[in-house]
Amino acid sequence: MARWCYAHRLVVLVLWVGALFGLGVAGTSAGTEYSNVFSLPDTDSTHAYDLMTKAFPERSGDTDTVVWRVDEGASVRDEGVRSRIEPALKDIAGMKGVGEVVGPYASKEAGAAQISENGRIAYAQVTFTEQANSVPKDLVQGVVDAAQNAERDGLQVELGGQAITRIQEPPTGTSELVGIAAAAVVLFLAFGSLFAMVLPIVIAVFGVGLGMLSTMLLSHVTDIPEVAPLLGSLIGLGVGIDYALFIVTRHRRGILRGMEPREAAVQALNTSGRAVLFAGGTVCIALAGMLVMNMRFLDGVVIAASLTVILSVLAAITLLPALLGLLGPRVLSRRQRRRLAATGPEPAESSGLAARWSTYVQKRPRSIAALAFVVMAFLALPLLSLRLGATDQGNHQESTTTRQAYDMLAEGFGPGFNGPLQVVAEQGDTAGLVESIRATEGVAQVAAAPPSEGISVINVVPTTSPQSEETDQLIDRLRGEVIPEAGVEAHVGGVTAIFKDFAAVTGDRLPYFVGAIIALGFLLLLIAFRSLVVPLTAALMNLIAAAASFGVLVAVFQWGWGTEILGVGKEGPITAFLPVIMLSLLFGLSMDYQVFLVSRMHEEWVHTKDNARAVRVGLAETSRVINCAALIMICVFSAFVLSGDMEGAMAGIGLAAAVALDAFILRTALVPAAMHLLGRANWWLPAGLEKRLPHLAVEPREPEPAPSETVPHARVESNGSGMASVSDIASVVHGFIRTTEGEPVAGATLTLLSKGGRQLDRVTSLADGSYIVAAPSAGAYLLAATAPGHASRARHIVVADEPLLYDVELAPGEVDAVN
């Protein structure tokens, strides 16, 4: 497929562009039908909601609030205040799409309840004919303008409600654009090439764009919550850029090592592309794990996020090779192209900071593992005070009109006024129930509405805020003591009760969800790496990463450390559904990094059966790409603080912290240190289990030679001048084995291995240190050199059609370093 996409690049590009524009036109014309269904079957709050919908269907529209306050010494009943507020409310009531406006001035008796005891604060309720997500933003803006035009010195007017919240959100795509811009800077620094920088971003834009447009259309046929597209774009941008980064990095490396652009692209897709398919599949499976929770709200999140990931993977394995074909060698920077032309292909060697750090980890595994574990444990401590709940307008930034309206209502009517409870009774005498509720501790106000169809609704205003633990205790008290003692069949509902039930069900089912995704990850890694210890280590690391990232989340959003600096509003409980979503995404992303890191270690283990070398080489050759990919994800996720959505900001900060800790502490320090300490046990698998496990190869299987084929062995002959001669061999590697002082090493054993670990040739160096090994064809191989009294060496090399001159240097008695 990679060859076909590379060869037919214009066709592939036209198909992708056509799909994007076609879905764009369809999505724009159809609009959206997002639906926030937070209730759960068989919960008390759901029963209350169903009864209210049956008895009072006319209350289905969104109700928002206009709140005004006068200065000390004045009253909202003053004629000067009424003369400004009443015309504004009349204008709002006359707007098309507004069903009803109930203010404090229409009826003296009914309006008294809408004015605070001190007479300084009052409110009016504006009921739209549609739910908040269906109310046109122009209408909402008109309501806001009409209300705030009534302001004057000494009179403050603010508005609250779901519809009002929608118009104060930043323009759609702001966070995505900021994240893409930050990722572009990181990519340019990593690649040094404008074209190479653009490729991952283009892939992510196509994947996320098609995913969001498809989600818009699917919202007409299934329940998709409003937060789903935001979370879908968040994960889509991260994985889209990362997956393209892995493939482009492998493609550029192939060109730098002497391959033609076409073959480099095919090899990149056949290796890194397979890893991308595996990684994308694990992310989707992790997301599907949310279905274990059996929550309708999460079903839409699974659909949106999984669809975006699938489209991002599809773009990476089809659109990306087409774009690589269009660019050709220009995927390299000009300096790289000039150096390639002047000095030839680069050697297949790792060097620099990554190699030095890898050697350092090998020398001090215990101290590094202990330090990394202490850091992660310290960051996880706040998790002990985790409290699930719901955010509301009291968590908005202080500068927003919704936050100020919330605070004004709390000041004038009590903190519980912003989250009233509804006790819905089906039958029986509710008078006694009303009196019992009024006498209950924690209740500020009680008012019973006239019954409809035999159903009575009792509005209960707590003395505490919707997010306080005392309000949760009041709900438990009403359900467990007050209602049963009254002998009336009733249910406690309202937004506060719904989110309490949601948090309770989430907490009960979360252990099963965590167990399911951990078991799934263990099984995948067990099959992929044929080891019991590697998947056990990965499962433990995933739990450590989750605990530390949730600790950071609690410290920021629940304890309030830096919330105002970050511009995310006031502290409060962690949104109930966030742990499920974050754990799914974290599991998928951790699997990506684990597979990328351990697959390279496993490849080296197959070649050499040397665990220390396998861990050292794997870390040296993958840590830079993992860290670069993590840095991009951190930029993308952190940018979602600008989304204007509290849940989006929580998910962004939480995932950014999780990726940073996972990549820079776990995969770079704790995992390799632990694998050094475990030694050969890393790769242990019982023989009986080995026979029963299916084979799942992340890397492509190497072709076996045909029965008639024989691998030629080098004939080493002295030509009298100290050099070995080559006779009738098409592809060979030859050179000298020397010490660090330049002395020849005689009797050294050199072995040429395929990428899969199959031995192709084995020779011994001559007295002058010269050697020749033969390769069956051009391609990438591993050349290993050993000699008594010297540290072994193993290098990746690329053999072309011409003989390759490659000298090897052996150091006496020291730990082998990846040079």
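Details of the structure are given in the entry above.
Residues numbered from 1 in each chain as written. Predicted model: local features only at pLDDT ≥ 70, side-chain atom pairs only at ≥ 80, totals over all residues. Heavy atoms only, no water.

Colleague: Account for the overall build of the chain, naming residues and giving values.
Modeller: The helix and strand inventory of the chain stands at 25 helices and 20 strands. Within the span of the chain, comprising 819 residues, buried residues form 55% of the whole. Here the analysis covers contacts within the chain between residues at least 6 apart in sequence; of these, 77% occur between residues at least 24 apart. When the accessible surface of the chain is summed, it comes to about 34400 Å², and 58% of that surface belongs to carbon and sulfur atoms. (Helix = DSSP H or I, 4+ residues; strand = E, 2+ residues; numbered from the N terminus. Buried < 20%, exposed > 50% of the residue type's maximum accessible area, 1.4 Å probe, protein only. Contact = heavy atoms within 4.5 Å. Areas by Shrake-Rupley, 256 points an atom, 1.4 Å probe, with all protein chains shown as cover.)

Colleague: Lay out the packing of helix H10 (residues 227-256) against helix H12 (residues 296-327) in plain terms, naming residues and giving numbers.
Modeller: At their nearest, the axes of H10 and H12 sit 8 Å apart, and the two run at 25° to each other. Here H12 runs roughly parallel to H10, going by the angle between their axes. Here H10 and H12 pass one another in a crossing that is right-handed. Of the residues belonging to the contact of H10 with H12, the class tally is 18 nonpolar, seven polar and no charged. (Axes fitted to C-alpha atoms, helices over the stretch in contact; angles between N-to-C directions. Parallel < 35°, antiparallel > 145°, perpendicular 65-115°, else oblique. Left-handed = near helix turned anticlockwise from the far one by under 90°. Nonpolar A, V, L, I, M, F, W, Y, C, P; charged D, E, K, R; others polar.)

Colleague: Tell me about the environment of Ile581, and please be specific about residues and values.
Modeller: Turning to its location among the elements, Ile581 is positioned in helix H22 (residues 578-608). By relative accessible area, Ile581 is classed as buried at 2%. Between the C-alpha atoms of Ile581 and Leu231, which are 350 residues apart in sequence, the distance is 8.8 Å. Those residues in contact with Ile581 that lie beyond four places of it in its chain are Leu231, Met290, Leu298 and Val301.

Colleague: Residue-level account of empty space enclosed by the protein, with values.
Modeller: Taken as a whole and judged by the stated rule, the model has three cavities of 30 Å³ or more. Counted as a void, the second largest cavity has a volume near 40 Å³. Taken together, Ile517, Ile518, Gly521, Phe522, Leu525, Pro535, Ala538, Ala539, Asn542, Phe587 and Met591 make up the lining of the second largest cavity. Counting residues per element, the lining of the second largest cavity draws most heavily on helix H19 (residues 495-529), which supplies five residues. (1 Å grid on protein atoms, 1.4 Å probe; cavity = no way out; pocket = protein on both sides within 12 Å on 5 of 7 lines; lining within 4 Å. Points joined across faces, edges and corners; volume = space filled by probe spheres on them.)

Colleague: If you had to explain a nonpolar patch on the surface to someone new, which residues and values would you point to?
Modeller: Judged by side-chain polarity, Val185, Phe188, Leu189, Leu194 and Val198 come together as a nonpolar surface patch covering roughly 480 Å² of accessible area. At three residues, helix H8 (residues 174-191) tops the list of elements feeding residues into the nonpolar patch. Here Phe188 is to be found in helix H8. (Patch = residues over 30% accessible without salt bridge, like charges linked within 9 Å, V, L, I, M, F, W, Y side chains within 5 Å. Salt bridge = Lys/Arg side-chain N within 4 Å of Asp/Glu carboxyl O.)

Colleague: Describe the packing of H19 against H22, with residues and values.
Modeller: The contact between H19 and H22 brings their axes to 11 Å, and the two run at 15°. The pairing of H19 with H22 is recorded here as roughly parallel in orientation. In terms of crossing hand, the pair formed by H19 and H22 is right-handed. In this structure, H19 uses Thr506, Leu510, Phe513, Val514, Ile517, Gly521, Leu524, Leu525 and Phe529 to contact H22, whose residues at the interface are Pro579, Val580, Leu583, Ser584, Phe587, Met591, Gln594, Val595, Val598, Ser599 and His602. Of the residues that constitute the contact of H19 with H22, the class distribution is 14 nonpolar, six polar and no charged.

Colleague: Please give an account of helix H9 (residues 194-218) that cites residues and values.
Modeller: One turn of an α-helix holds 3.6 residues; hence residues three or four places apart share an orientation. The end-to-end C-alpha distance of H9 is 36 Å, a good match for the 36 Å that 25 residues give at a rise of 1.5 Å each. At the N-terminal end of H9, a side-chain oxygen is found 3.5 Å from the backbone nitrogen of Phe195, two or three residues along, and the residue is Ser193. (Expected span 1.5 Å × (residues − 1). Polar contact = N/O pair within 3.5 Å; in protein donor to acceptor, adjacent residues only side chain to side chain.)

Colleague: Lay out the environment of Leu13 in plain terms, naming residues and giving numbers.
Modeller: Examined against the element boundaries, Leu13 turns out to sit in helix H2 (residues 9-30). It is 9.3 Å that separates the C-alpha atoms of Leu13 and Leu320, two residues lying 307 residues apart in sequence. Not counting residues up to four positions away in its chain, the partners in contact with Leu13 are Leu319, Leu323 and Leu326.

Colleague: I'd like a rundown of the packing of aromatic side chains, residues and numbers included.
Modeller: Between two aromatic rings, the relevant description is the distance of the centres plus the angle of the planes. Per the counting criterion, the structure on display carries eight aromatic pairs. Residues Tyr123 and Phe413 carry aromatic rings whose centres are separated by 5.2 Å and whose planes lie at 85° to one another, so their mutual orientation is edge-to-face. With a gap of 290 residues between them, Tyr123 in strand E3 (residues 121-128) and Phe413 in helix H16 (residues 401-413) connect regions that are remote in the sequence. The class of Phe413 is buried, set by a relative accessible area of 10%. Joined through ring pairs, the aromatic side chains of Tyr123, Phe413 and Phe417 make up one cluster. The ring of Phe195 has Arg330 lying over it, and the distance from NZ or CZ to the ring centre is 5.6 Å. (Phe/Tyr/Trp six-rings, centres within 6.5 Å; stacked < 30°, edge-to-face > 60°. Lys NZ or Arg CZ within 6 Å of the ring centre and 35° of its normal.)

Colleague: Give a description of the pattern of salt bridges that names residues and reports values.
Modeller: Under the counting rule described, the total for this entry stands at 13 salt bridges. When the shortest N-O distance is used, the salt bridge between Arg738 and Asp807 registers 3.8 Å. Here Asp807 lies in the loop between strand E19 (804-805) and strand E20 (808-810) and Arg738 lies in strand E13 (residues 731-739), a separation of 69 residues in the sequence. On the accessibility criterion, Asp807 (43% relative accessible area) is partly exposed. Within the structure, one salt-bridge network assembled from shared partners comprises Arg69, Glu72, Arg120 and Glu411.

Colleague: Can you tell me about unusual backbone geometry, naming the residues and giving the values?
Modeller: Excluding glycine, residues mostly have negative phi values, and the peptide bonds linking residues are mostly trans. A positive phi is found at Arg530, a non-glycine position, where the angle reads about 50°. Summarising the element assignment, Arg530 is placed in the loop between H19 and helix H20 (533-558).

Colleague: So what's going on with the sheet that holds strand E2 (residues 98-102)? Residues and values would help.
Modeller: An order of E2-E3-E1-E4 is seen for the four strands of this open sheet, with the pairing classed as antiparallel. With one partner strand each, in any of the chains shown, E2 and strand E4 (155-160) form the two edges of the open sheet. Averaged over all adjacent pairs, the angle separating strand axes in this sheet is 20°, with direction ignored. Relative to E3, strand E1 (residues 63-70) is paired through seven bridges, and the arrangement is antiparallel. By the bridge assignment for E3, Thr63 is matched with Thr127. Each of E1, E2, E3 and E4 touches helix H6 (residues 137-148); the most contacted strand, E4, lies at about 160° to it. (Pairing = 2+ DSSP bridges.)

Colleague: Provide a residue-level description of the side chain of Thr575, including the pertinent values.
Modeller: Checked against the element boundaries, Thr575 lands in strand E10 (residues 574-575). Under the relative-accessibility criterion, Thr575 is labelled buried at 1%. Not counting residues within four places of it along the chain, the set of residues in contact with Thr575 comprises Leu388, Gly389, Thr391, Glu647 and Met650.

Colleague: Can you tell me about the nonpolar core, naming the residues and giving the values?
Modeller: With 160 residues, the main nonpolar core has Tyr243, Met290, Leu298, Phe557, Ile632 and Phe637 as its most contacted residues. Setting aside anything within four residues of it in sequence, one finds Tyr243 in contact with Val276, Ala279, Gly280, Val283, Val313, Ala316 and Asp592. Ranked by size, the runner-up nonpolar core spans 29 residues in total, among them Ile115, Val126, Leu139 and Leu159. (Core = buried A, V, L, I, M, F, W, Y, C linked by side-chain atoms within 4.5 Å.)

Colleague: Account for the environment of Leu783, naming residues and giving values.
Modeller: Relative to the elements of secondary structure, Leu783 occurs in strand E17 (residues 779-786). On a C-alpha basis, the gap between Leu783 and Tyr806 in space is 9.8 Å, while along the polypeptide they are 23 residues apart. Once you skip the residues sitting within four places of it in the chain, Leu783 turns out to touch Val733, Leu750, Thr751, Leu752, Tyr771, Val773, Arg793, Ala794, Arg795, Ile797, Tyr806 and Val808.

Colleague: Can you tell me about the sheet that holds strand E14 (residues 749-753), naming the residues and giving the values?
Modeller: Whenever strands of a sheet pair, they do so through backbone hydrogen bonds, lying parallel or antiparallel. The antiparallel open sheet is built from four strands, whose spatial order is E15-E14-E17-E18. With one partner strand each, in any of the chains shown, strand E15 (759-764) and strand E18 (793-799) form the two edges of the open sheet. Ignoring which end each strand starts from, the neighbouring axes of this sheet average 20° apart. Relative to the sheet, H22 contacts E14, E17 and E18, its axis offset from that of E18 by approximately 105°.

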